[in-house]
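These are the residues of each chain, in order.
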Amino acid sequence: MDWPRTPVDRLQELRPPFCPRRWCRHHTRAEGFRWRKHGTYTTARGACRQRYRCLGCGSTFSRRAFSVAYWAKRPELIVPIAAGLQAGSAHRQIARTIGCAASTVTRRSAQLGRHGILLLARARAALAGRLDETVVLDHFETFELTQDLPFGVATPVGARSWFVYGIDPAPHERTGRRSAEQERRRRRRAPRPARGGYLGSTRRVLEALLPLCAPGDPLRLVGDGHPAYDRAVARHPAAPRIRLARYPNPRRGPKGSPRSADAVARDAALFPVDLLHGLLRHSLAAHRRETIAFGRRLNALVERLHLAAVWRNFVKGISERRGDPRTPAMLLGLTDRPWSWARVLGRRLFPDRERLAGVGLEIYRRDWITAELGRNTRHRAVFVY
Ligand SMILES: [Zn+2]
C-alpha cells in the first residue's frame, strides 16, 4: 500500500504531488500539475515555511495542506487524542489529561474518524483482486443516545488475517421486552430512516468485498445464520459467486454447563469477529455495557469505529499475549511493520482522491443525523473537507 514513512510535517522539503484544492482539476489528476514556489511565511513558533502556488487554479498553499494537522491550532494534540480515544477514555477525560477543551477532542475525534474512513478505503483499493481468505461477518450491536435507538454495525473480518475490511451501520427497531411506559416513550421518538437495516448493510458489505476477490474466485463468507445474510446473498446479482457458510448460535446453558458440539463449532468459526467485538467493547468507552459514556450520535460512533478498525488493522499486533507483533495489514502484505499513530496520521487524505462514495461518503459528510437531537452539524467545510 502506498503510504509514506515520514509524516509530512517532518519532511525536509516537500514537492507538492497534487493541488490540495477540491475545485482544481489537478486535485484528482496529477498529470500536468505544475506549481511554483510562492514566498515563505513564519509560523507562530518561529519556523520559516515555504508556500506554493498551483499554476492550474492559482491558489496558494503550504505543506500543512497535506497534513492531518491542517487548520489545527494545536497540531501536537492529534496523536495523543487518537491514542486516548483508542485507550478507552471518554472525551472529557482526554481533555483533562492533555489540557485542552472537551470540544477540541470531540472535533478531532470526528476528523480522525474521517481519516479512518479514507485510510480503510485506500487499503481496500490496494487489496482489489487479492482477497484469498474467508471473511467472517457479524453485526456489532450498540445504540445511539438511548436504547430506543439501537443499531448494528457490520464488521467483516478476515478469518486468517483478522483484518477488518469495513464498517457499515444498520439502524433497526428496538427489540426485546419493554414496559408499557417504555413503549410509549419509544413511540414519541423522532422517526429514523432504517437505510436498508441489516439487509441493506449486508448488501453494501457484499458490494465492498466482491471487488477484492480475484476474477473467477468465489467470495467465501462465514455468518451466524442471520436471515438478512441469507437474503442479501440470495438476492445479489453475483449470488453464484458467493459461498455463505452458516453457524447459527445454538441454545446455551444452563450457566456453567459445557458447550455443545454445535456451540464449539460456531465459536471456532466466528472467533475472529467475536474477538474484534470483544476488543471494541474493551477499548472504546461508548460501547461498554452499562456505561455513562454512551454515544449520542450514530454518525459519530461510526466515525470512531473506523478509527478503531484502522488501529486494529495497522497498529495493534495480532496477539500481544503470544508476543506476535505482526498486524493484520502485515499479514495481507499491505505494510511491512506495525504502524505508530504518528505514521497512521502521517498524511492527510482527501475524499475525492480516494473516490469515496455511498455510505462511507454519507458518514464522512455527517448525513446520518440523529433527529431526536435538535442540532446536527453536517460536515461541509470548504478547505478542511
Ligand atoms: Zn490547483
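As a reminder, the structure under discussion sits directly above these lines.
The rules behind the values
- Residues numbered from 1 in each chain as written.
- Predicted model: local features only at pLDDT ≥ 70, side-chain atom pairs only at ≥ 80, totals over all residues.
- Heavy atoms only, no water.
- Core = buried A, V, L, I, M, F, W, Y, C linked by side-chain atoms within 4.5 Å.
- Buried < 20%, exposed > 50% of the residue type's maximum accessible area, 1.4 Å probe, protein only.
- Contact = heavy atoms within 4.5 Å.
- Donors = N, O, S within 2.8 Å, 3.2 Å for Na, K, Ca; no water.
- Tetrahedral: all angles 85-135°; square planar, octahedral: opposite > 155°, others 65-115°.
- Phe/Tyr/Trp six-rings, centres within 6.5 Å; stacked < 30°, edge-to-face > 60°.
- Helix = DSSP H or I, 4+ residues; strand = E, 2+ residues; numbered from the N terminus.
- Lys NZ or Arg CZ within 6 Å of the ring centre and 35° of its normal.
- 1 Å grid on protein atoms, 1.4 Å probe; cavity = no way out; pocket = protein on both sides within 12 Å on 5 of 7 lines; lining within 4 Å.
- Points joined across faces, edges and corners; volume = space filled by probe spheres on them.
- Nonpolar A, V, L, I, M, F, W, Y, C, P; charged D, E, K, R; others polar.

Colleague: Would you explain the nonpolar core in this entry?
Modeller: General note: in soluble globular proteins, nonpolar side chains tend to be found buried as a group. Counting 84 residues, the largest nonpolar core has L112, L119, F163, Y165, L209, L219 and V344 as its most contacted members. Contact partners of F163, with chain neighbours within four places excluded, come to A123, L127, P156, V157, G158, N313, P328, A329, L332 and L334. Counting residues in each nonpolar core, the second largest holds 13 residues, with F18, F33, F61 and F350 among its members.

Colleague: Got a minute to help me understand the coordination of the zinc ion in this structure?
Modeller: When a metal carries six donors in an octahedron, the ideal angles between them are 90 or 180 degrees, while four donors in a tetrahedron ideally lie at 109.5 degrees. For the zinc ion, the full set of protein donor atoms is C19 (SG), C24 (SG), C54 (SG) and C57 (SG), at a range of 2.3 Å. Here the zinc ion is ringed by four donor atoms whose angles at the metal span 108 to 110°, and the overall shape comes out tetrahedral. Mapped onto the sequence, the residues coordinating the zinc ion show the spacing C-x4-C-x29-C-x2-C. Per residue, the accessibility class of C19 equals that of C24, and both read buried.

Colleague: Before we go on, may I ask you to explain the packing of aromatic side chains in this structure?
Modeller: Aromatic ring pairs are reported here in terms of the distance separating the ring centres and the angle at which the planes meet. Under the definition given, this model contains 15 aromatic pairs. With centroids separated by 5.9 Å and ring planes inclined at 20°, the aromatic side chains of W3 and W339 adopt a geometry described as stacked. Here W339 lies in the loop between helix 10 (328-331) and helix 11 (341-344) and W3 lies in the segment before strand 1 (35-42), a separation of 336 residues in the sequence. Each ring, one from F314 and one from W339, has its centre 4.6 Å from the other, and the planes form 20°; the classification is stacked. One end of the pair, F314, is in helix 9 (residues 298-315); the other, W339, is in the loop between helix 10 and helix 11, and 25 residues separate them in sequence. Its relative accessible area of 0% is what places F314 among the buried residues. Cation over ring: R114 sits above Y364, and NZ or CZ is 6.0 Å from the ring centre.

Colleague: Got a minute to help me understand the layout of surface pockets in this structure?
Modeller: There is about 790 Å³ of room inside the second largest pocket. Grouping the constituent residues of the lining of the second largest pocket by class yields 15 nonpolar, three polar and eight charged.

Colleague: Quick question: what am I supposed to make of empty space enclosed by the protein here?
Modeller: Within the structure shown, the criterion is met by two cavities of 30 Å³ or more. Looking at the largest cavity, its volume works out to about 70 Å³. Taken together, E144, P171, R192, P193, R195, L298, W368 and I369 make up the full set of residues lining the largest cavity. In terms of residue class, the lining of the largest cavity is made up of five nonpolar, no polar and three charged. Volume-wise, the second largest cavity comes out at about 40 Å³.

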